[in-house]
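Overview (structure and organization)
This is what each chain is made of:
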Amino acid sequence: MGKISTKFRRGNHTIESTKKQSDTISTTEEDEDSHEWDRPVEFIFSLISNSVGLGNVWRFPYLAAKSGGGAFLIPYFILYFLIGAPIYYLELALGQFSSRGPATAFILAKGWQGVGFAMIINSVLCMLYYNVIISWALFYLVASFRKNLLWTKCGNWWNDERCFIPGADSALFIANGIKYNCTEPQYQNFTQYACTSINGTDRVTASEQFFYKLLLGKSNSFEDFGTPQLYPALALLGAWIIVGLCIIRGVKSSGKVAYFTAIFPYIVLLILVIQSSTLDGAIEGIKFYIIPRWELVTKFETWQAAASQVFFSLGISFGSLMAYSASNKFKNNFFRQMCIVVSCDCLTGVFAGFAVFATIGYLAKELKEPIEKYAQSAGPGLAFITYPEAISHMPASTLFSILFFLMLLALGLGSQFALTDVPITSLLELFPRFKSKRSLAVILTCICSFLISLPFTCPGGIYLYDLLSEYAANLSMVVVGFFEVYTIAYIYGFNRFMNDVKMMLGKRAAEYYLFVTWCFISPILMLIIIFSKLISSKRMTNSAGAGFDEYIYPGWSTIAGWFIFIGCIIPIPLVYITNYFREYFTLRRREIGKSVDLRNDNDVNNENNYLEKPRYIEAITRNNSPRYDWGPKKRINHYGLYSHLNITPSHNENRQLETNMFYNESYERDNLSNKHKTNILKERF
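Residues numbered from 1 in each chain as written. Predicted model: local features only at pLDDT ≥ 70, side-chain atom pairs only at ≥ 80, totals over all residues. Heavy atoms only, no water.

For the protein chain, an unreviewed UniProt entry supplies the name Transporter and the organism Adineta steineri. UniProt's Sequence similarities (unreviewed entry) comment on the protein chain is quoted here verbatim: "Belongs to the sodium:neurotransmitter symporter (SNF) (TC 2.A.22) family." UniProt lists a comment for the protein chain under the heading Subcellular location (unreviewed entry), and it reads "Membrane". (UniProt positions renumbered as here; feature names shortened; annotations may be inferred.)

Here a disulfide denotes one covalent bond, and it connects the sulfur atoms of two cysteines. Here the structure, examined in full by the defined rule, presents one disulfide. A sulfur-sulfur distance of 2.0 Å marks the disulfide that ties C154 to C163. On the S-S bond that ties C154 to C163, the torsion sits near -85 degrees, and the link is left-handed. The pair C154 / C163 is uniform in exposure class, with both members buried. (Disulfide = S-S within 2.5 Å. Buried < 20%, exposed > 50% of the residue type's maximum accessible area, 1.4 Å probe, protein only.)

Let us look at the environment of L428. Along the chain, L428 turns up in helix α19 (residues 397–430). When its relative accessible area of 10% is taken as the criterion, L428 is described as buried. For the pair formed by L428 and A441, sequence separation is 13 residues and the distance between their alpha carbons is 8.2 Å. If near-sequence neighbours (up to four positions away) are discounted, L428 is found in contact with F434, K435, R438 and A441. (Helix = DSSP H or I, 4+ residues; strand = E, 2+ residues; numbered from the N terminus. Contact = heavy atoms within 4.5 Å.)

Taken over all residues, the pLDDT of the protein chain has a mean of 82, while the share at 70 or more is 80%. The spread of mean pLDDT over the elements of the protein chain runs between strand β8 (residues 668–671), the lowest at 34, and helix α11 (residues 230–246), the highest at 96. Every residue in residues 1–33 is under pLDDT 50, and counting partners more than four places away or in other chains gives 58 contacts. Every residue in residues 651–685 scores below 50 in pLDDT, and together they form 96 contacts with partners more than four places removed in sequence or on other chains. (pLDDT = per-residue confidence, 0-100.)

Time to look at the UniProt feature "binding site: Na(+)" (unreviewed entry) in the protein chain. Mapped onto the present numbering, the UniProt feature "binding site: Na(+)" (unreviewed entry) falls on V52, N56, S313, L411 and S415. Spatially, the listed residues are clustered: although they cover 364 residues, their C-alpha atoms lie within 11.5 Å of one another. Within the element layout of this structure, V52 appears in the loop between α3 (40–51) and α4 (54–66). The exposure class assigned to V52 is buried, which follows from its relative accessible area of 4%. Not counting the four nearest positions on each side in its chain, V52 is found in contact with Y266, C344, D345, T348 and L411. Turning to its location among the elements, N56 is positioned in helix α4. The residues contacting N56, other than those within four sequence positions of it, are S51, P61, S313, D345, T348, G349 and A352. For N56, the side chain forms a polar contact with the main-chain nitrogen of G53, separated by 3.0 Å. (Polar contact = N/O pair within 3.5 Å; in protein donor to acceptor, adjacent residues only side chain to side chain.)

Within this structure, the stated rule accounts for 67 aromatic pairs. Ring geometry for Y140 and F210: centres 5.0 Å apart, planes at 75 degrees, overall edge-to-face. Of the two residues, Y140 sits in helix α7 (residues 114–143) while F210 sits in helix α10 (residues 206–215), which places them 70 residues apart along the sequence. Judged by relative accessible area, Y140 falls into the buried class, the value being 0%. On the basis of relative accessibility, which here comes to 0%, the residue F210 falls in the buried class. Plain terms: the ring middles of Y140 and F384 are 5.4 Å apart, the flat faces sit at 45 degrees to each other, and that makes the pair tilted. Residue Y140 is located in helix α7, and its partner F384 is located in helix α18 (residues 382–392); the two are separated by 244 residues in the primary sequence. The pair Y140 / F384 is uniform in exposure class, with both members buried. Above the face of the F548 ring, K218 is positioned so that its terminal group lies 4.5 Å from the ring centre. (Phe/Tyr/Trp six-rings, centres within 6.5 Å; stacked < 30°, edge-to-face > 60°. Lys NZ or Arg CZ within 6 Å of the ring centre and 35° of its normal.)

Moving on, we get to helix α20 (residues 438–453). Look at α20: 22 Å from first C-alpha to last across 16 residues, which is about the 22 Å you get at 1.5 Å a residue. Turning to α20, its buried residues are R438, A441, V442, T445, C446, S449, F450 and S453. Projected down its long axis, α20 shows its buried positions confined to an angular sector of 160 degrees, all on one face. (Expected span 1.5 Å × (residues − 1). Arc of directions from axis to C-beta.)

What follows concerns the side chain of D345. Summarising the element assignment, D345 is placed in helix α16 (residues 334–367). Those residues in contact with D345 that sit more than four places away from it in its chain are S51, V52, N56, Y76, Y80, S313 and L314.

To continue, consider the nonpolar core. In a soluble, globular protein the nonpolar side chains are often hidden away together inside. Judged by nonpolar contacts, the single largest core of 182 residues is most densely connected at Y88, Y89, F384, L408 and W518. Looking at this core, the element that brings in the most residues is α7, giving 19 residues. Beyond its immediate chain neighbours, meaning those up to four positions away, Y89 contacts F334, F335, M338, M498, V501, A509, L514 and W518. (Core = buried A, V, L, I, M, F, W, Y, C linked by side-chain atoms within 4.5 Å.)

Now the structure itself:
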């Protein structure tokens, strides 16, 4: 315990970020960054749009239903407070302080830059399949502009003999021993409902067939993959065009769109909650939602699902928060903004759950089946089956359908803007010469993403979607989150990072809460979740329902899924090992070329022998140290501990700086150059 306390006491001085210091530094042209938020409120709305997304409407209720309704809320709130909020704080602070996205922000510990690259990979994979959901919402929105909604009745060319419409009495009508796919009142209105005789007992609602047969054209197996279909491909193209147009100018354009994507969904969601609560069976659904089934709280699967939802909902471990906060002013109060956004996101998921479970209760009663069976069989199509069914029973259903799917589109686009911005920002950071060609980068990214996403529009595309949602940007986000916290708290140093926060806010905001969570609770909880998930993992299956038999995914898909998972996190060890050997061989070359003064050799050894390190240990130290140019990106903020960044070395000295590692020892004096004769105190923590 003494070693731990000593570790966090190292470098105990506080950086005084006074205005007087910063005012003495002149602003140069390179500090004038046009890629900056016009107003702080645009940043807040963009964060809300990013965090409050489709996950709050379809993913949270689906996971809650799958994990025992109200029982899911207990681990959800616990992990939200102990893992979600602290990492959210970390990413906003790191992005704003460094004015860098995930590609370069982790130069604070050279060997751990792979954490940022892993974020980018998670963001890209999630971006690809997330926009597929947006394309579904876009398809439904276009289909809503008609008097009679297409999913309210059978008799269309995509319906089969099993199609039926839930009514006041869902018992199938039987006449002369012949069973029909409708109720008796619907049979009496034969012209409107187009009832037909059936032999099977597996009924499928019209809304289910609209989603699975018309939109997805879902095949019976992963192997029956097929080729891209017209309707979903056109919808996907439209979704990528909208995304490209909205982020073409970066935060200058997406910040304006955020006013709509952040506010409009709440208006529609409130209307939907009120309307769905009046449906028959809604009370039973809400009871299923709010009454915990305590036996599920102790299961690791429930906690794993809660952790996945916390990461997915808040948008942590994707790098999008860092990319957004990198466009903030250095003194922006991100802590207050974080509290607003996190509260909105947490409560929105719970609020939306009432609408979802009220609708599930209604449909379960109409189908005369347990709520658990219907909720679990709905799967990711929950928002495109239960909600449309509820809307079809509302007065002015066409208007409500337009509003609802416009809300889904707004929710999805807000998150998609942030996800798409991550690879674009990273590309411009890694290749600064393209910084003036952001529009071209956006266009190329959207075109390539559309082409790569086309397999999702195939009949077997829904199986690919399920595979990616299970293995990509799921458990890998928890792994990345663990290494984020570990890098900041233990490699870079908790104390030093809080001093960086003080440079921005003038105080070490939420210091004790962050110390307990970053240094102890969050890493332990994340490790438990990671290993329990790995131990309990099993082959993916789809429950029977919506006219499909139970489906067990083939063994090769499981192998492919684990390769996807490894690909999401492989940059972390790969970059660390690569950079370690680079440091090791750099030290070796220095030792070979170093001339030793034999006359003073004994004196030096006697004096400094206790400081001597073997090469392999020194390489680890250097690998865990910040890169020579780590610190605030803008020159006006180069003061205090980072005043050395104001010194512009000559060309020859630049090459020396690239291999010269600061912060190797506590308070080590490091001469930047003979010309300037500037001695700067260095500390690692």
